[in-house]
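Each chain, written out:
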Amino acid sequence: MRDRGRLQGKRVLVTAAGQGIGRAAVLAMAAEGAEVWATDVDASLLAAYAGAERVHAARLDVLDKAAIFAAVAAMPGIDVLFNCAGVVHNGAILDATDDDLAFALHLNVRAQFWAIQAALPRMLANDDGRGGQGRGSIVNMASVCSSLKGLPSRCVYGTSKAAVVGLTKSVAADYVTRGIRCNAIAPGTVDTPSLAERINAYDDPVAARAAFVARQPMGRLAQAEEIVPVVVYLASDESQFATGQVFSVDGGMTI
Ligand code: NAD
């Protein structure tokens, strides 16, 4: 590792850091010198961070507003928020119940909304390095399945992730003059534990995996490590002129 990484001195909060993209992002940001608070609802997944340099692992259920505010308050300060938690509902609009919609909006949107409400006041109080106040980067997990693209059997998911894009742009617009940047990332299909679970739930998992691969123009799924460089970029000062944008890393799904 280099002596001074691109995120040296940054204090970062990551939700859903137990596995998948969240975990890969924690490791990449810590390797770049950040102090990372890696949180997940499943504490057993956080045990894998034991001994990891600059990683502070703690259980956090993002469905719980008070717990989110407490987690942010427990940090010595916050420069970067990576809102990664999310859930996929499988089905068209006629397959979805009110509860499915409410749960997806709670986990995929409201939790991000709360985490931003918790982090923003502290970010606005950060030294901006120019004698004033206001410095922070918020990265929200959207998806290519959002306002960018409709995918079959992803009605509730696409609806919720489109809201993430709106949330991102709204926060960016309101705080653009105050040192706060807010961007979203929009991955294509990434080979993570939850995708494997979804594939294994089909009667024919081999055919299901082949169908996921077939919707990727590059003919393969992404690895989480192929998504996180854009998270590191957005967390770093290299992206200081970028805000309100959705960064697609989707293997060509939105060409
Ligand atoms: P994953 O779905 O494999 O893991 C999700 C993690 O979230 C788990 O560790 C789980 O314990 C945690 N989690 C679930 N509920 C939580 C809660 N209430 N509070 C805190 N943590 C909770 O990870 P992934 O596939 O990398 O997905 C992460 C994000 O990326 C999600 O928002 C997802 O929608 C988005 N995304 C994933 C893909 C993909 O193909 N995998 C594509 C686009 C976007």
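Residues numbered from 1 in each chain as written. Predicted model: local features only at pLDDT ≥ 70, side-chain atom pairs only at ≥ 80, totals over all residues. Heavy atoms only, no water.

This paragraph deals with the overall build of the chain. Helix and strand content of the chain: eight helices and seven strands. In terms of overall dimensions, the chain is globule-like: its C-alpha atoms have a radius of gyration of 18 Å, near the 18 Å expected for 255 residues. Dimensions along the principal axes, computed over C-alpha positions, put the chain at roughly 60 × 40 × 35 Å. Pairs at least 24 residues apart make up 69% of the contacts formed inside the chain by residues separated by at least 6 positions. Put simply, the chain has 23 plus and 25 minus side-chain charges, and the middle of one group is 6 Å from the middle of the other. (Helix = DSSP H or I, 4+ residues; strand = E, 2+ residues; numbered from the N terminus. Rg over C-alpha atoms; globule rule 2.2 N^0.38 Å. Contact = heavy atoms within 4.5 Å. Lys, Arg positive; Asp, Glu negative; His and termini not counted. Charge placed at Lys NZ, Arg CZ, Asp CG, Glu CD.)

Right, let's talk about the pairing of strand β4 (residues 80–83) for a bit. With burial as the criterion, each face of β4 is covered, one bearing Val80 and Phe82 and the other bearing Leu81 and Asn83. Pairing of strand β1 (residues 11–14) with β4 involves three bridges; the strand directions are parallel. Within the sheet, the bridge partner assigned to Leu13 lies in β4 and is Leu81. Between the parallel elements β4 and strand β5 (residues 136–141), the chain passes through helix α4 (residues 98–124) in a crossover that is right-handed. (Buried < 20%, exposed > 50% of the residue type's maximum accessible area, 1.4 Å probe, protein only. Pairing = 2+ DSSP bridges. Right-handed = clockwise from strand over helix to strand, strands pointing away.)

Bringing the sheet that holds strand β6 (residues 180–187) into the picture now. The strand order across the open sheet built from seven strands is β3-β2-β1-β4-β5-β6-β7, with neighbouring strands paired in parallel fashion. The open sheet is flanked by β3 (55–59) and β7 (246–249), the only strands paired with a single partner. If you compare each strand with its neighbour and ignore which way they point, the axes differ by 20 degrees on average. Sheet strands in contact with α4 are β4, β5 and β6, and its direction is about 175 degrees off that of β4. (Axes fitted to C-alpha atoms, helices over the stretch in contact; angles between N-to-C directions.)

Core analysis: the largest hydrophobic core is formed by 32 residues, its most contacted members being Val14, Ile21, Val26, Met29, Val36, Phe82 and Ile185. At eight residues, the largest contribution of residues to this core is made by helix α8 (residues 224–235). Listed in part, the 27 residues of the second largest apolar core include Leu107, Trp114, Ala115 and Val171. (Core = buried A, V, L, I, M, F, W, Y, C linked by side-chain atoms within 4.5 Å.)

All of the buried residues in helix α3 (residues 65–74) are Ile68, Ala71 and Val72. Along the axis of α3, the buried residues cluster in a sector spanning 95 degrees; they form a single face. Summarising the geometry of α3, the exposed residues directed more than 90 degrees from the buried face are Ala66, Ala73 and Ala74. In this fold, the buried residues of α3 make contact with β1 and α4. Sitting at the amino-terminal end of α3 is Asp64, which places a side-chain oxygen 3.1 Å from the backbone nitrogen of Ala66. (Arc of directions from axis to C-beta. Polar contact = N/O pair within 3.5 Å; in protein donor to acceptor, adjacent residues only side chain to side chain.)

Right, let's get into the side chain of Gln216. Its location among the elements puts Gln216 in the loop between α7 (205–214) and α8. By relative accessible area, which is 4% here, Gln216 ends up buried. Within the local environment of Gln216, its side chain forms a polar contact with the side chain of Thr189, the two groups lying 2.9 Å apart. Excluding residues within four positions of it along the chain, Gln216 makes contact with Gly188, Thr189, Leu221, Asp250, Gly251 and Met253.

Turning next to helix α5 (residues 155–175). Along its 21 residues, α5 runs 31 Å from first to last C-alpha, staying within 8% of the 30 Å computed at 1.5 Å per residue. Buried residues belonging to α5 abut α4, β5, β6 and β7. (Expected span 1.5 Å × (residues − 1).)

Let's shift gears to the packing of aromatic side chains. Per the stated rule, a full pass over the model turns up one aromatic pair. Ring geometry for Tyr233 versus Phe247: centroids 6.2 Å apart, planes at 70 degrees, classification edge-to-face. Residue Tyr233 is found in helix α8, and its partner Phe247 is found in strand β7; the two are separated by 14 residues along the sequence. Since its relative accessible area comes to 29%, Tyr233 is described here as partly exposed. Above the ring of Tyr49, the side-chain terminus of Arg23 is found at 4.8 Å from the ring centroid. (Phe/Tyr/Trp six-rings, centres within 6.5 Å; stacked < 30°, edge-to-face > 60°. Lys NZ or Arg CZ within 6 Å of the ring centre and 35° of its normal.)

Another point: the site of the ligand. As a structural note, the neighbourhood of the ligand is formed by 29 residues, with Asp40, Tyr157, Val190, Thr192 and Ser194 the closest of them. One nitrogen or oxygen atom from the main chain of Val190 is found 2.7 Å from an oxygen atom belonging to the ligand. In this structure, an oxygen atom belonging to the ligand sits 2.6 Å away from a side-chain N or O atom of Thr192. Taken by itself the ligand offers 830 Å² of open surface, and the protein chains cover 90% of this. Among the elements of the structure, α1 (20–31), α5 and α6 (193–200) are those that each provide at least two residues to the shell around the ligand. (Near = heavy atom within 4 Å. Areas by Shrake-Rupley, 256 points an atom, 1.4 Å probe, with all protein chains shown as cover.)

Everything listed here is a matter of geometry and, on its own, says nothing about what the molecule does.
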